[in-house]
Amino acid sequence: MHGPRQRRAMRLLLCQVCGGRPDHTEQGWLWLLKDESRYAGWPEGEITTHPPVCRLCGALSALLCTHLWQGAAVAVRVGKPIIDGVYGLPYAVSKPWMTPGKPTVILHGDPAMPWMLGHQVAASLTKVTITDLPTLRPEDLTDEVTDFLRKATAVDVARLLAKVGGIAALNR
Ligand SMILES: [Zn+2]
């Protein structure tokens, strides 16, 4: 994700796709995460560089993003996201020059932070509840969304639209 756009979306808690208000309920903001449920306690405390999403962008992402297919994505509600880290290149002091390590997240207060070439803001997600992946609703199928779906080449759009009762919109 584009660095300045990512940092703005994370700091202001904006949808990472459209920049609008992310979906929010009494359980918190909507986030899409890669399924790491093999780790005990996950997703509480998950550290991520991906900002939250609004319901429509979350639903479209779940449909269209190949990274999120095949059960690889989980939707969560985050009651308290804490901006507490930086993702970037950590440099090691060595002679005759500084050498970059592998990209990683370093949390604020870590003595390695002054040697980090930062790229994105990272957040620890707390008060996390797993929820259902957002889905498209028939009323989501505005001309703009239908046109977007029609142009999407990675998926069988007719099948997707049929799933959400939007086949009539496609045939208009
Ligand atoms: Zn959005």
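Attention here is on the structure that accompanies the text. Every residue gets a number counted from 1 within its own chain, in the order that chain's sequence is written. Selection of residues for local features in this predicted model requires a pLDDT of at least 70, selection of side-chain atom pairs for listing and counting requires 80 or more, and totals for whole chains, interfaces and linings are taken over all residues. Side-chain calculation: all heavy atoms of the structure are included, whereas hydrogens and water are not.

### Section: the overall build of the protein
Working step 1: In DSSP terms, a helix is any run of H or I states spanning at least four residues, a strand is any run of E spanning at least two, and both are numbered starting from the N terminus. Of the regular secondary structure elements, the protein holds five helices and seven strands.
Working step 2: In the protein, the succession of α and β elements from N to C terminus is α-β-β-β-α-β-β-β-β-α-α-α.
Working step 3: For each residue, the accessible area found with a 1.4 Å probe, counting protein chains only, is set against the maximum for its type, and the residue is called buried under 20%, exposed over 50%, and partly exposed in between. Expressed as a percentage of the 172 residues in the protein, the buried residues total 42%.
Working step 4: Here the contacts in the protein between residues at least 6 apart in sequence split such that 70% fall between residues at least 24 apart.
Working step 5: If you sum the accessible surface of the protein, you get close to 10,200 Å²; carbon and sulfur atoms cover 57% of it. A contact between two residues is defined here by any heavy atoms of the two lying within 4.5 Å. Working definition of accessibility: Shrake-Rupley area with a 1.4 Å probe, residue cover restricted to the visible protein chains.

### Things to note about the nonpolar core
Working step 1: For this analysis, a nonpolar core means a set of buried residues of the types Ala, Val, Leu, Ile, Met, Phe, Trp, Tyr and Cys, connected via side-chain atoms within 4.5 Å. M10, L13, W31, L33, W42, V74, V76, V78, V121, A123, L125 and V128 form the largest nonpolar core, which has twelve residues in total.
Working step 2: Sorting the residues of this core by element identifies strand 2 (28-34), strand 4 (73-92) and strand 7 (116-131) as the ones contributing at least two each.
Working step 3: No other element matches strand 7, which puts four residues into this core.
Working step 4: In this structure V121 touches Q6, R7, M10, R11, T48, T49, I83 and G85, once residues within four positions along its chain are discounted.
Working step 5: A59, L60, L64 and V145 belong to the second-largest nonpolar core, a separate cluster that totals nine residues.

### A look at the coordination of the zinc ion
For a metal with four tetrahedral donors the ideal donor-metal-donor angle is 109.5 degrees, while six octahedral donors give ideal angles of 90 or 180 degrees.
Working step 1: Those protein atoms acting as donors to the zinc ion are C15 (SG), C18 (SG), C54 (SG) and C57 (SG), and they sit at 2.3 Å.
Working step 2: For the zinc ion, the four donor atoms in the first shell make angles of 97 to 116° at the metal, so the coordination geometry reads as tetrahedral.
Working step 3: In this description, a donor is an N, O or S atom within 2.8 Å of the metal centre, a cutoff extended to 3.2 Å for sodium, potassium and calcium. Water is not part of the atom list, which can make sites seem incomplete. The sequence motif formed by the donor residues of the zinc ion is C-x2-C-x35-C-x2-C.
Working step 4: Classification of C18 as partly exposed rests on a relative accessible area of 49%. Irregular is the label for any site that misses the other tests, which are tetrahedral for four donors with all angles between 85 and 135 degrees, and square planar for four donors or octahedral for six when opposite donors exceed 155 degrees and the remaining angles lie between 65 and 115.

### Regarding the environment of P52
Working step 1: You can see P52 is positioned in the loop between strand 3 (47-48) and helix 2 (55-64).
Working step 2: Excluding its chain neighbours within four sequence positions, the residues that come into contact with P52 are L13, L14, C15, Q16, P22, W29, L30 and W31.

### As for the pattern of salt bridges
Working step 1: Any Lys or Arg side-chain nitrogen located within 4 Å of an Asp or Glu carboxyl oxygen qualifies as a salt bridge. Scanning all chains against the criterion turns up four salt bridges.
Working step 2: With a closest N to O distance of 2.7 Å, D140 and R55 form a salt bridge. A residue pair is termed long-range when its members are at least 10 positions apart, and D140 in the loop between strand 7 and helix 3 (143-151) and R55 in helix 2 qualify at 85 residues.
Working step 3: A relative accessible area of 8% places D140 in the buried class.
Working step 4: According to the relative accessible area criterion, R55 is buried, its value standing at 18%.
Working step 5: Put simply, K34, E36 and R38 are held in one network by salt bridges that share partners.

### Some thoughts on helix 3
In an α-helix, one full turn covers 3.6 residues, which means residues spaced three or four apart are oriented alike.
Working step 1: Buried residues of helix 3: V145, T146 and L149, and no others. End-on view of helix 3: buried residues confined to an arc of 100°, all on one side of the axis. Exposed residues lying more than 90 degrees from the buried face of helix 3 are D143, E144 and K151. Note: the arc covers the axis-to-C-beta directions of the helix.

### Brief notes about the pairing of strand 2
Working step 1: Most of strand 2 sits inside the fold, with five of its seven residues counted as buried.
Working step 2: Bridge analysis of strand 1 (residues 24-25) against strand 2 gives two bridges, and the strand direction is antiparallel. Its bridge partner lying in strand 2, H24 is registered against W29.
Working step 3: Counting the residues in the hairpin turn of strand 1 and strand 2 gives two residues.
Working step 4: Direction of pairing for strand 2 relative to strand 4: antiparallel, over a ladder of six bridges. Paired with L32 across the strands is A75, a residue of strand 4. Strands are treated as partners if at least two bridges between them are detected by DSSP.

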